[in-house]
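Commentary on secondary and tertiary structure
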Amino acid sequence: MIRSDEFYMHRALDQAHLAAEMGEVPVGAVVVDADGRIIGEAGNAPVSSCDPSGHAEVRALRAAARQVGNYRLSGCTLFVTLEPCMMCVGAMIHARLRRLVYAAAEPRTGMVESKANLLAQPWFNHAIDVRGGVLAGQASKCLKAFFAARRNEADR
């Protein structure tokens, strides 16, 4: 059953909260197939996994690809709580996602709309539909609380 973008973004926010509990920057992602089933989900884990590619988006795409037995995720949508970086946008293009839905903009490294719009470049042989700003306030609040707590710990 296909649900609203907000429903799936809440699931991505759940993953972000789990990442924060592990001390990771609270970013979460879920991959949803064309029938509305969540087939991959993950939170950020580059620190705990000692993996520079351990972003929530990449980890969720990997989980989804394992679930379907194919690195191509045609017809799928990625929901992520923060505008993706360059690495994650590249992974999305290679996965052949149908849609990207993200919550908060990332003004420093966002490569979907904030710093650049990589998905709009004419040289790619695949296009991804984008919707930004879904539950942006909740995602921003989660990130701000995480970094405020980090600053408070550093001040002690």
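**What to know about the pattern of salt bridges**
- Per the stated rule, a full pass over the model turns up seven salt bridges.
- Residue Arg 99 pairs with Asp 5 through a salt bridge whose shortest N-O separation is 2.8 Å. Here Asp 5 lies in helix 1 (residues 5–21) and Arg 99 lies in strand 4 (residues 99–104), a separation of 94 residues in the sequence. Per residue, the accessibility class of Arg 99 equals that of Asp 5, and both read buried.
- Residue Asp 5 is classed as buried on the basis of its relative accessible area, which comes to 12%.

**Regarding the sheet that holds strand 2 (residues 38–43)**
- Judged by pairing direction, the sheet is mixed, and its five strands sit side by side in the order 2-1-3-4-5 without closing on themselves. Both edges of this open sheet fall to strand 2 and strand 5 (129–131), since each of them pairs with a single strand only. Here the strands of the sheet are splayed against their neighbours by 15° on average, with no regard to which way each runs.
- Note: strand 1 (residues 28–32) against strand 3 (residues 77–82), four bridges, orientation antiparallel. When the bridges of strand 3 are listed, Ala 29 appears paired with Val 80.
- Of the strands in this sheet, strand 1, strand 2 and strand 3 are in contact with helix 2 (residues 56–68), which crosses strand 2 at around 150°.

**With respect to the pairing of strand 2**
- For strand 1 and strand 2, the ladder comprises five bridges, and the chain directions are antiparallel. In the sheet register, Ala 29 faces strand 2, and the bridge partner there is Ala 42.
- The loop that links strand 1 with its antiparallel partner strand 2 comprises five residues; one of these, Gly 36, has a positive phi angle of about 90°.

**A word on helix 1**
- Its 17 residues give helix 1 an end-to-end C-alpha distance of 25 Å, which sits within 8% of 24 Å, the value for a rise of 1.5 Å per residue.
- Turning to helix 1, its buried residues are Asp 5, Tyr 8, Met 9, Ala 12, Leu 13, Gln 15, Ala 16 and Ala 19. Along the axis of helix 1, the buried positions cluster into a sector of 160°, meaning they face one direction only.
- Positive backbone phi, at 85°, marks Gly 23, one or two positions downstream of helix 1.

**Structural notes on the packing of aromatic side chains**
- Tallying each qualifying case throughout the model produces four aromatic pairs.
- When the ring of Phe 7 is compared with that of Tyr 8, the centres are 5.2 Å apart and the planes differ by 85°; the resulting orientation is edge-to-face.
- Overall, Phe 7 belongs to the partly exposed group, its relative accessible area being 27%.
- Taken together, a centroid distance of 5.2 Å and an interplanar angle of 35° make the contact between Tyr 8 and Phe 79 tilted. Of this pair, Tyr 8 sits in helix 1 while Phe 79 is found in strand 3, placing the two residues 71 residues apart along the sequence.
- The exposure class of Phe 79 is buried, given its relative accessible area of 2%.
- Counting every residue linked through ring pairs, the aromatic cluster contains Phe 7, Tyr 8 and Phe 79.
- The ring of Phe 7 is capped by Arg 11, whose NZ or CZ atom sits 4.7 Å from the centre of that ring.

Rules behind the numbers
- Residues numbered from 1 in each chain as written.
- Predicted model: local features only at pLDDT ≥ 70, side-chain atom pairs only at ≥ 80, totals over all residues.
- Heavy atoms only, no water.
- Salt bridge = Lys/Arg side-chain N within 4 Å of Asp/Glu carboxyl O.
- Helix = DSSP H or I, 4+ residues; strand = E, 2+ residues; numbered from the N terminus.
- Buried < 20%, exposed > 50% of the residue type's maximum accessible area, 1.4 Å probe, protein only.
- Pairing = 2+ DSSP bridges.
- Axes fitted to C-alpha atoms, helices over the stretch in contact; angles between N-to-C directions.
- Contact = heavy atoms within 4.5 Å.
- Expected span 1.5 Å × (residues − 1).
- Arc of directions from axis to C-beta.
- Phe/Tyr/Trp six-rings, centres within 6.5 Å; stacked < 30°, edge-to-face > 60°.
- Lys NZ or Arg CZ within 6 Å of the ring centre and 35° of its normal.

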